[in-house]
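Listed below are the residues making up each chain.
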Amino acid sequence: MNASSTPYAALDERIGAINDVLNAASVLVWDSRTMMPAGGAASRGQQIATLTRVALDMLLHADTARALDTAEAAAQQTAPEDPRRAMVAQVREALELHRRVPAALTQQRAALRTEAQAAWIEARARSDFALFAPHLKSTMALSREHADCVGWSGHPYDAMVAAYEPGETAESLRRLFAELRAGILPILAQARARPPARRDFLFRDFPEDGQRAFGRWLAAQLGYDFQRGRLDSTVHPFEVSFTREDVRITTRYNRNFLPASLFGTAHETGHALYEQGVSSAYTRTVFATDLIGLYAVGGTSFGMHESQSRLWENHIVRSRDFWRLHFARLQAQFPAQLADVDAEGFYRAVTHTEPGLIRVEADELTYDLHVMLRVELECALMDGSLGVADLPGVWNETIRRDLGVTVPDDARGVLQDIHWSTGYVGSFPSYTIGNVTAAQLMDSLRRRDAGLDEVIARGDYAALAGQLRDAVWQHGRRFTRDEMLVRSTGRTLEAGPYIAYLRDKYAAAPH
Ligand code: ZN
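What counts as what
Residues numbered from 1 in each chain as written. Predicted model: local features only at pLDDT ≥ 70, side-chain atom pairs only at ≥ 80, totals over all residues. Heavy atoms only, no water. Helix = DSSP H or I, 4+ residues; strand = E, 2+ residues; numbered from the N terminus. Rg over C-alpha atoms; globule rule 2.2 N^0.38 Å. Buried < 20%, exposed > 50% of the residue type's maximum accessible area, 1.4 Å probe, protein only. Contact = heavy atoms within 4.5 Å. Areas by Shrake-Rupley, 256 points an atom, 1.4 Å probe, with all protein chains shown as cover. Lys, Arg positive; Asp, Glu negative; His and termini not counted. Charge placed at Lys NZ, Arg CZ, Asp CG, Glu CD. Pairing = 2+ DSSP bridges. Axes fitted to C-alpha atoms, helices over the stretch in contact; angles between N-to-C directions. Phe/Tyr/Trp six-rings, centres within 6.5 Å; stacked < 30°, edge-to-face > 60°. Donors = N, O, S within 2.8 Å, 3.2 Å for Na, K, Ca; no water. 1 Å grid on protein atoms, 1.4 Å probe; cavity = no way out; pocket = protein on both sides within 12 Å on 5 of 7 lines; lining within 4 Å. Points joined across faces, edges and corners; volume = space filled by probe spheres on them. Nonpolar A, V, L, I, M, F, W, Y, C, P; charged D, E, K, R; others polar. Expected span 1.5 Å × (residues − 1). Parallel < 35°, antiparallel > 145°, perpendicular 65-115°, else oblique.

Undergrad: Pulling in residues and values, what's your account of the overall build of the protein?
TA: On a plain count of helices and strands, the protein comes out with 20 helices and 3 strands. At 23 Å, the protein has a C-alpha radius of gyration in line with the 24 Å of a compact globule built from 511 residues. Each principal axis of the C-alpha distribution contributes one length, and for the protein these read about 70 × 55 × 45 Å. Relative to its full complement of 511 residues, the protein shows a buried share of 55%. Contacts in the protein between residues far apart in sequence, at least 24 positions, make up 74% of those at least 6 positions apart. Entry remark: accessible area of the protein is about 21800 Å², with carbon and sulfur atoms responsible for 52%. Within the protein, one finds 56 positive and 64 negative side-chain charges whose respective centroids are separated by 2 Å.

Below, the structure written as C-alpha cells:
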C-alpha cells in the first residue's frame with residue numbers, strides 16, 4: 001500500500017509539520033542560550049512564542065481533528081500492541097486537554113511569565129522576596145485556574161505534575177518522598193560523621209581549554225555521537241534536540257571549580273544519549289513530540305529523561321571504578337593542578353557530602369531533600385494552605401530542620417530557583433524521580449547481566465548503552481515512564497534500589 005493512501009497519512013503529515021515547527025522553535029532557544037547577543041532577547045522571545053502558538057493552532061485545527069478521526073477508526077482494527085494505538089491515543093489526549101484550556105488563559109500565563117521573570121531577577125539581585133511575592137501569588141492563582149480547566153480529582157497539583165510526570169499525583173509523591181526521607185536521613189547522618197574528604201585541589205586554576213578537551217573526550221567515551229551533535233559553552237548547561245540526527249549539549253567551564261564542567265558534561269551527555277538513541281522510525285511522529293507541553297523531544301517524561309542524565313553522571317562517572325581507570329588521563333591534562341592527589345583521593349573529593357543552601361550545588365545525598373521541600377511548598381501554595389507571605393519563613397524553617405543550615409537571605413533561600421517565575425509549577429518532582437528511576441534501571445540491568453559491572457569497570461560503556469537503548473531510548477515517547485519501567489524491571493517506580501545505592505556509596509566507610 002502506498003504510504004500516502006493509508007488512513008494514517010493525513011495525521012502523520014500534520015503531526016510531522018507540528019514537529020517541524022517545534023524543532024525550529026528549539027533551534028531559536030539553543031541560539032538564544034549559546035550565541036545570541038543580549039540585545040536579541042525581547043524579539044527572540046516573541047519569535048519562540050509565535051512558533052509555539054502556530055504549533056498549537058495546527059494541533060487544534062479542524063483538519064487535525066478530521067485526520068485523527070480517520071486514524072482512530074483504523075487503529076481500532078489493529079492488534080493491542082500496535083504502536084498506532086498509542087499514537088492516536090496520545091494525539092487525542094493532547095487535543096482534548098488543549099481544548100479544555102481557554103486561549104485567553106494561556107495568553108495570560110505567557111504574559112505573566114515575562115513579567116514574573118523580570119521581577120524575580122530583580123528580587124534575587126536585591127535579595128528581597130517582597131518584590132517577587134505579588135507575581136508568585138498571580139502565578140499560583142493562574143496555575144490553579146489552569147489545573148481546574150485541565151481537571152483533577154485528588155489535588156489541583158495533580159493536573160500540573162501530569163504535564164511532566166504523567167501518572168504522579170500529590171498523594172503518590174507524598175508517599176514516595178516519605179519513604180525516601182526515611183531512607184536518606186540516616187545515610188546522611190553516617191556520611192557526616194566521617195572526617196571530611198580533602199577537596200582543596202578541586203578549586204585550583206583549570207584553564208578552559210583543558211576542561212574542554214577532557215569534556216569532549218568524556219562525552220565521546222560515553223558514546224555521544226559528535227556526527228549528530230556538538231558541545232558548546234553556556235551559563236546554564238542544557239541538552240536540546242532537533243530530531244535524533246542533531247542533538248546538542250552545552251556545558252559551563254568554571255575555571256576555579258573543576259567538577260562543574262566534568263559532571264555537567266556527563267549529565268548533559270546522558271540526556272543526549274537518550275535523544276540520539278530514539279528509533280529513527282519515530283522521527284517527526286508523536287513519539288518524538290510532546291504535544292501537551294508543545295516541545296519536540298524524544299524522551300517520555302522529564303523524570304525518565306533525568307534518569308538517563310543521572311545514570312551516566314552519578315552511577316558511571318561519579319564512581320570509584322571510573323576514576324581508578326581514567327584519573328591518569330585527567331591528571332595528564334592538568335599535571336600541576338592534580339600533582340598531589342591520586343584516583344582514590346579524587347573520587348572521595350567528588351563524593352564529599354555537605355548540607356548546603358543551594359539546590360544546584362547539592363551533592364547526591366542532600367539533593368532530594370531540596371526537591372522535596374519545593375514540592376511540599378508548591379502543593380501548599382496551590383491549594384491555599386500556605387500563603388505566599390508565609391513562604392520564606394516556612395522555607396527557612398524546613399531547611400534548618402532537614403539540613404541543619406541557616407538561610408542568611410532570600411537570594412540563597414526562597415528566590416534561588418527560576419522555576420516558579422517561569423510558571424513551571426509541578427516540574428520539581430522530576431529531578432528526584434530521575435534519581436530513583438536511574439537506580440531502579442541500573443539495579444535491574446545488573447540482575448539480568450551479572451558481568452555488567454566488570455565490563456563497565458574496564459571502561460567499555462557500549463554494553464550498558466546497548467541495554468539502555470533496548471530498554472528505554474529506542475522507544476521515544478511510545479510508552480509512559482511506568483510502562484517502560486514495568487517492561488524492563490518488572491516493577492513500577494520504587495524507592496528501594498535508590499536508597500540501597502545511596503547506602504552502598506555513602507554510608508559505608510571508604511574502602
Ligand atoms: Zn538534567
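Undergrad: Any details on the sheet that holds strand β1 (residues 231-233)? Residues and values, ideally.
TA: Reading across the sheet, the 3 strands line up as β1-β3-β2 and stay open at both edges, with mixed pairing between neighbours. With partners counted over all chains shown, the strands left at the sheet margins are β1 and β2 (239-241), one partner each. Strand-to-strand, the axes of this sheet are offset by a mean angle of 25°, without reference to chain direction. The pairing of β1 with strand β3 (residues 247-251) spans 3 bridges and is classified as parallel.

Undergrad: Tell me about the packing of aromatic side chains, and name the residues and values.
TA: For the structure on display, the rule yields 18 aromatic pairs. For the ring pair Trp 395 and Trp 420, a centre distance of 6.4 Å and an interplane angle of 85° mean the geometry is edge-to-face. Taken as a pair, Trp 395 in helix α15 (residues 391-403) and Trp 420 in the loop between α15 and α16 (429-448) lie far apart in primary sequence, 25 residues in all. The class for Trp 395 is buried, based on a relative accessible area of 1%.

Undergrad: Go over the coordination of the zinc ion with me, naming the residues and quoting the values.
TA: The zinc ion binds to the protein through His 267 (NE2), His 271 (NE2) and Glu 306 (OE), with metal-donor distances spanning 2.1 to 2.3 Å. Positions of the donor residues of the zinc ion along the chain correspond to the pattern H-x3-H-x34-E. Of this pair, His 267 sits in helix α10 (residues 259-276) while Glu 306 sits in helix α11 (residues 302-317), placing them 39 residues apart in sequence. A residue is classified by how much of its surface remains accessible, and His 267, at 11% relative accessible area, is buried.

Undergrad: Outline the layout of surface pockets, supporting the account with residue identities and numerical values.
TA: Taken as a whole, the second largest pocket holds about 1000 Å³ of empty space. Lining the second largest pocket are 39 residues, with Arg 320, Tyr 347, Asp 504, Lys 505 and Tyr 506 sitting closest to its centre. Looking at the lining of the second largest pocket, the elements with two or more residues in it are α8 (170-193), α11, α12 (320-333), α13 (343-350), α16, α17 (452-457) and α20 (496-507). If one sorts the elements of the lining of the second largest pocket by residue count, α20 sits on top with 6 residues. Split by residue class, the lining of the second largest pocket holds 18 nonpolar, 8 polar and 13 charged.

Undergrad: Describe empty space enclosed by the protein, listing the residues and the values that go with them.
TA: Within the structure shown, the criterion is met by 3 cavities of 30 Å³ or more. Each pocket or cavity is described by its volume, and for the largest cavity that value is around 110 Å³. Looking at the largest cavity, it is lined by 13 residues, and the ones nearest its centre are Thr 243, Arg 244, Glu 275, Ala 288 and Gly 298. Its boundaries defined by the atoms lining it, the second largest cavity holds a volume of some 70 Å³. The element best represented in the lining of the second largest cavity is helix α5 (residues 103-126), accounting for 4 residues. Among the residues forming the lining of the second largest cavity, the class breakdown is 4 nonpolar, 5 polar and 2 charged.

Undergrad: So what's going on with α20? Which residues, and what values?
TA: Taking 1.5 Å of rise per residue, the 12 residues of α20 would be expected to cover 16 Å, and the 15 Å separating its terminal C-alpha atoms lies within 8% of that figure. Within the span of α20, buried status applies to Pro 497, Tyr 498, Ile 499, Tyr 501, Leu 502, Lys 505, Tyr 506 and Ala 507. Elements in contact with the buried residues of α20: α8, α11, α13, α14 (364-383) and α16.

Undergrad: How would you sum up the pairing of β3? Please name residues and give values.
TA: When you tally the buried positions in β3, you get 5 out of 5 residues, the bulk of the element. Burial along β3 is two-sided: Val 247, Ile 249 and Thr 251 and Arg 248 and Thr 250, pointing in opposite directions, are all buried. Note that β2 and β3 share 3 bridges and pair antiparallel. Within the sheet, the bridge partner assigned to Ser 241 lies in β3 and is Val 247. Between β2 and β3, which pair antiparallel one after the other, the connecting turn spans 5 residues, and Thr 243 there sits at a positive phi close to 70°.

Undergrad: Describe the packing of α14 against α20, listing the residues and the values that go with them.
TA: Packing of α14 against α20 brings their axes to within 10 Å, and their N-to-C directions diverge by 140°. Between α14 and α20, the crossing angle belongs to the class labelled oblique. Here Glu 364, Leu 365 and Asp 368 of α14 lie close against α20, whose contacting residues are Tyr 498, Tyr 501, Leu 502, Lys 505 and Tyr 506. In terms of residue class, the contact of α14 with α20 is made up of 5 nonpolar, no polar and 3 charged.

All we've got here are geometric facts, nothing functional implied.
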